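In case you want the letters, here they are:
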Amino acid sequence: MTSTEYRELRAIRLEALRDSPTAFSSSYEDTAALPDDVWQQQAAVEASSEESATFIAADEAGNWVGIAGVGPLPDVPDHVHVHSVYVSPEHRGPAGPAADLMMAGIRHAQVSTDVRWLTLGVHERNGRGLAFYRRLGFEPTGKVVPYGLNPSEKLLILGYPDFRGRSRSSAQP
């Protein structure tokens, strides 16, 4: 993604929040209310960061149909975290871009960070997302945190055991 693609970033994030509201840590209403300068700044940061990255998938016409981000967690040392994973419904499935987006994020984190752990959070009721992440090799860490928009709901924290070539048995952060 480039720093000038803030409109596309905004559009795909709003689509994601409409389609899958519990998959993200912000509400559609709050996100839609953000002014253009916030989106411009966010796109510029995401396009220029060495440790963080946002990957996009586009259709033949150049329309964004998928997104995945990866970056450090400021409050969690030695972690990089996958976030903002979304693919438009008509592009989901085995032939869709979701696995490629995730693998791009994993590769970026392996090359561009020196942290030990790669994690992601999935809402407790997102069975489809949980199954997808498990197929890619993510495993439950045993950690569960409150879901930010409704603390009575939970996020399951998954880890990628082979992130730094460790055996699966030593992969619990």
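Residues numbered from 1 in each chain as written. Predicted model: local features only at pLDDT ≥ 70, side-chain atom pairs only at ≥ 80, totals over all residues. Heavy atoms only, no water.

Asks: Sorry, what's going on with the pattern of salt bridges here?
Replies: Two side chains with opposite charge may pair up if their charged atoms get near one another. Scanning the entire structure with this criterion turns up four salt bridges. Arg13 is the partner of Glu46 in a salt bridge, and the nearest nitrogen-oxygen pair spans 3.3 Å. Residue Glu46 is located in helix H3 (residues 36-48), and its partner Arg13 is located in helix H1 (residues 6-19); the two are separated by 33 residues in the primary sequence. Here Asp78 makes a salt bridge to Arg116, at a shortest N to O gap of 3.7 Å. Taken together, the positions of Asp78 in the loop between strand S2 (64-72) and strand S3 (79-87) and Arg116 in the loop between helix H4 (98-112) and strand S4 (117-123) put the pair 38 residues apart, joining distant regions of the chain. (Salt bridge = Lys/Arg side-chain N within 4 Å of Asp/Glu carboxyl O. Helix = DSSP H or I, 4+ residues; strand = E, 2+ residues; numbered from the N terminus.)

Asks: For this particular structure, what's the right way to read the nonpolar core?
Replies: Where a protein is soluble and globular, its nonpolar side chains tend to be buried together. Val82, Met102, Leu118, Leu120, Tyr133 and Phe138 are the most contacted members of the largest nonpolar core, which has 25 residues in total. Where this core is concerned, the elements lending two or more residues are strand S1 (53-58), S2, S3, H4, S4 and helix H5 (127-135). By residue number, the principal contributor to this core is H4, which donates five residues. Once residues lying within four places of it in the same chain are set aside, the contact partners of Leu118 are Val70, Val80, Val82, Ile106, Ala109, Phe138, Leu158, Gly159, Tyr160 and Phe163. Ranked by size, the runner-up nonpolar core spans eleven residues in total, among them Tyr6, Ile12, Leu17 and Trp64. (Core = buried A, V, L, I, M, F, W, Y, C linked by side-chain atoms within 4.5 Å. Buried < 20%, exposed > 50% of the residue type's maximum accessible area, 1.4 Å probe, protein only. Contact = heavy atoms within 4.5 Å.)

In short, the description is geometric, and any link to function would need to be established separately.
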